[in-house]
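Each chain, letter by letter, is given below.
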Amino acid sequence: MIKRRASRIINVGGVEVGGAGTIVVQSMTNTDTRDVSSTVKQIKQLEECGCEIVRVAVPDLQASNSLVDIKKQSSIPVIADIHFDHRLALAALKAGVDGLRLNPGNITDPEKIKEVVLSAKEREVPIRIGVNAGSLPRKSSGESSTVQRMVDAVLEEIDLLESLDFDMIKVSAKAFDVLTSVEVYRAIADRIPYPLHLGITEAGLPWAGSIRSAVGLGILLHEGIGDTIRVSLTTSDLCKEVDCAYEILKSLKLREKGPTLVSCPSCGRSETDIVSLAEEVEQRLRHSDQVIKVAVMGCVVNGPGEAKDADVGIACGKGKGVLFKKGKKLKVVEEADFLEALMQEINSMVSFSN
Ligand code: SF4
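Just so you know, these numbers come straight off a predicted model, no measurement behind them.

Asker: Looking at this structure, how should I read the overall build of the chain?
Answerer: Looking only at helices and strands, the chain features eleven helices and 15 strands. For the chain, the residues scored as buried account for 53% of the 354 residues in total. Nonlocal contacts in the chain, meaning residues at least 24 apart in sequence, comprise 63% of its contacts between residues at least 6 apart. Carbon and sulfur atoms make up 49% of the accessible area of the chain, which amounts to about 16400 Å² in all. The average position of the 44 basic charges and that of the 49 acidic charges among the side chains of the chain differ by 2 Å.

Asker: Would you take a moment to explain the pattern of salt bridges for this structure?
Answerer: Side chains bearing opposite charge may pair, as long as their charged atoms lie close to each other. Taken as a whole and assessed by the stated rule, the structure comprises 23 salt bridges. Asp237 is paired through a salt bridge with Lys240; the nearest N and O atoms lie 3.9 Å apart. Note on Asp237: relative accessible area 35%, which makes it partly exposed. Each of the salt bridges in this network shares a partner with another, and the network as a whole consists of Arg4, Arg5 and Asp227.

Asker: Can you help me understand unusual backbone geometry in this one?
Answerer: Leave glycine aside and you will find that most residues have negative phi; peptide bonds, for their part, are mostly trans. One non-glycine residue with positive phi stands out, namely Glu202, at about 45°. Overall, the relative accessible area of 53% leaves Glu202 in the exposed class. You will see that Ser266, though not glycine, has its phi angle at about 75°, which is positive. Its place among the elements puts Ser266 in the loop between β11 (259–263) and α9 (274–285). Accessibility expressed as a relative area gives 27% for Ser266, which makes it partly exposed.

Asker: Can you walk me through the packing of aromatic side chains in this structure?
Answerer: Each aromatic ring pair is characterised by the separation of its centres together with the angle its planes make. Overall, the coordinates contain zero aromatic pairs when judged by the stated rule. Above the plane of the ring of Phe176 lies Arg212, whose end atom (NZ or CZ) is 3.7 Å from the centre. Cation over ring: Lys257 sits above Tyr246, and NZ or CZ is 4.9 Å from the ring centre.

Asker: For this particular structure, what's the right way to read the environment of Val147?
Answerer: By secondary structure assignment, the location of Val147 is in helix α5 (residues 146–163). On the accessibility criterion, Val147 (14% relative accessible area) is buried. As a C-alpha pair, Val147 and Ala133 span 14 residues in sequence and 8.4 Å in three-dimensional space. Other than its neighbours up to four places away in sequence, Val147 contacts Thr180, Glu183 and Val184.

Asker: What's the story with the state of the cysteines in this structure? I'm lost.
Answerer: What makes a disulfide is a covalent bond joining the sulfur atoms belonging to two cysteines. Here the structure, examined in full by the defined rule, presents one disulfide. Linked covalently through their sulfurs, Cys49 and Cys239 form a disulfide whose S-S length is 2.2 Å. In this structure, the disulfide formed by Cys49 and Cys239 twists by about -85° around the S-S bond and is classed as left-handed. With Cys49 in the loop between α1 (36–48) and β4 (53–57) and Cys239 in helix α8 (residues 239–251), this pair connects stretches of sequence that are 190 residues apart. Residue Cys49 is classed as buried on the basis of its relative accessible area of 11%. Distance from the sulfur of Cys51, which forms no disulfide, to the nearest cysteine sulfur (Cys49) is 7.1 Å.

Asker: Mind showing me how you'd approach helix α2 (residues 61–73) here?
Answerer: Helical geometry: 3.6 residues make up each α-helical turn, so side chains three or four residues apart lie on a common side. The principal kink in α2, of about 30°, is found at Leu67. Among all positions of α2, only Ala63, Ser64, Ser66, Leu67 and Ile70 are buried. In this structure Asp60 caps α2, since a side-chain oxygen of it lies 3.3 Å from the backbone nitrogen of Gln62.

Asker: Would you take a moment to explain the sheet that holds strand β15 (residues 328–334) for this structure?
Answerer: Backbone-to-backbone hydrogen bonds pair the strands of a sheet. The strands run either parallel or antiparallel. As summarised here, the arrangement of the five strands in space is β11-β12-β13-β14-β15, forming an open sheet in which the pairing is mixed. Looking at the sheet topology across the chains shown, the edges are occupied by β11 and β15. Each neighbouring strand pair of the sheet contributes to a mean axis angle of 20°, computed without reference to strand direction. Summarising the sheet, strand β14 (residues 320–325) and β15 pair through six bridges and their orientation is antiparallel. If you follow Lys325 over to β15, its bridge partner there is Lys328. Along the sheet face, α9 touches β11, β12 (292–297) and β13 (312–316) and points at about 160° away from the line of β12. Sheet contacts for helix α11 (residues 338–347): β12, β13, β14 and β15; angle to β13, the most-contacted strand, approximately 160°.

Scoring rules and cut-offs
- Residues numbered from 1 in each chain as written.
- Predicted model: local features only at pLDDT ≥ 70, side-chain atom pairs only at ≥ 80, totals over all residues.
- Heavy atoms only, no water.
- Helix = DSSP H or I, 4+ residues; strand = E, 2+ residues; numbered from the N terminus.
- Buried < 20%, exposed > 50% of the residue type's maximum accessible area, 1.4 Å probe, protein only.
- Contact = heavy atoms within 4.5 Å.
- Areas by Shrake-Rupley, 256 points an atom, 1.4 Å probe, with all protein chains shown as cover.
- Lys, Arg positive; Asp, Glu negative; His and termini not counted.
- Charge placed at Lys NZ, Arg CZ, Asp CG, Glu CD.
- Salt bridge = Lys/Arg side-chain N within 4 Å of Asp/Glu carboxyl O.
- Phe/Tyr/Trp six-rings, centres within 6.5 Å; stacked < 30°, edge-to-face > 60°.
- Lys NZ or Arg CZ within 6 Å of the ring centre and 35° of its normal.
- Disulfide = S-S within 2.5 Å.
- Bend = angle between axes of the 7 residues up to and from the residue.
- Polar contact = N/O pair within 3.5 Å; in protein donor to acceptor, adjacent residues only side chain to side chain.
- Pairing = 2+ DSSP bridges.
- Axes fitted to C-alpha atoms, helices over the stretch in contact; angles between N-to-C directions.

Structure (C-alpha cells):
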C-alpha cells in the first residue's frame, strides 16, 4: 500500500485535488478554443473516457471569450492555459473558468501577476503554477542546473502568490527528461504543502510517450507524490492519454477503472492463437467501465493459476481450454468456442455503455 503525501486540498470546479484523496486524471484539448462546438465535442469525448478535469489553450482574447460557452456546455471543470499575456487570464476568469494555469516563465511582471491573483482570489478560482523546463524564467538561468532552476521558479512564484494571501495553489514542474522531472517533483514535494500535478511533458507518440510517462509518474506515485496527473501524448485520439493515465494508476492500485486484462505473452508451449484471442477480448471490453479482471492464458503452466486469480479466465490448451470464474473451474470448452464462452461469462458480470 502506497503512503501518500498529505497535501493541502483545493477545489477545482467541484473536484477536490490533494489531501491524499483520489488522484484526478486530466487531459487537454487540442482543438482551436475559438471553435466552441469542436472544443465542446472533444471535451465530451474526453469526459466519456474518464477525464475529470480538462484544460484548454487560450492563445488570444477571442479564445478567452469562447470560454463562457465552453464552460456552460462542459460538465467537467475547465482550466484555462495561459501564457505570455496576463489579460487572457483576467478574461478567462471573467468567463467563469474553474482554474488557471500560469507559466512563471512567460508572465513575469509581479504587478500583472498580482492583478490575476487578486481576481482569482475574489472568484475563489485556483491557480496552477505550471513550470516547464522548456520555458524557464530568464532570471533563473546562469550556473544553476535545470532542476535547480525549475525548483527556484516554483518557489519564487509561490512566494509571490502567498504574499498576496493566496493559497488555492497547485503546482506542476514538467520536463521531457524523466530523471529531471522526478528530481524536481521530489524536491518541491518536501518543501511545499500544495497539491502536485504530475506530468512528463512532450513525452512523444503514444508508444514511447506512454512508457516515458509510466516510468516518470510511476516512480513519483510510488513514493506517494502526486495528486493529479496528465499524460501528454502526440496523438489525435486524446483518450489514449486518459487510458494511459488510468493504466498507470491501476497498476499501482491507486485507482480502479474498467476491465484489466491479464494475458500471457505466449510462447512455444502455446497451442492456440493467444494474441488474436487477447486482442479480440480487449476490443470487446473497451466500452465497459466495470472493474473486472479477465485472464487469457496460453497453456497450463501459469494459465490455470492466473485464470483462477481473475474474475473470469481461460487457460487454453491443445484444442481445448478450461474456463474459470471467481477462482472456480467452470467447464472445458472447445477451441472454436474459446472467445464466445469467455465473453458469455464476462457479459454475465459486466455492462457495456454501447
Ligand atoms: Fe507460455 Fe504458457 Fe506462459 Fe503463456 S502461460 S507464456 S503459453 S508458458
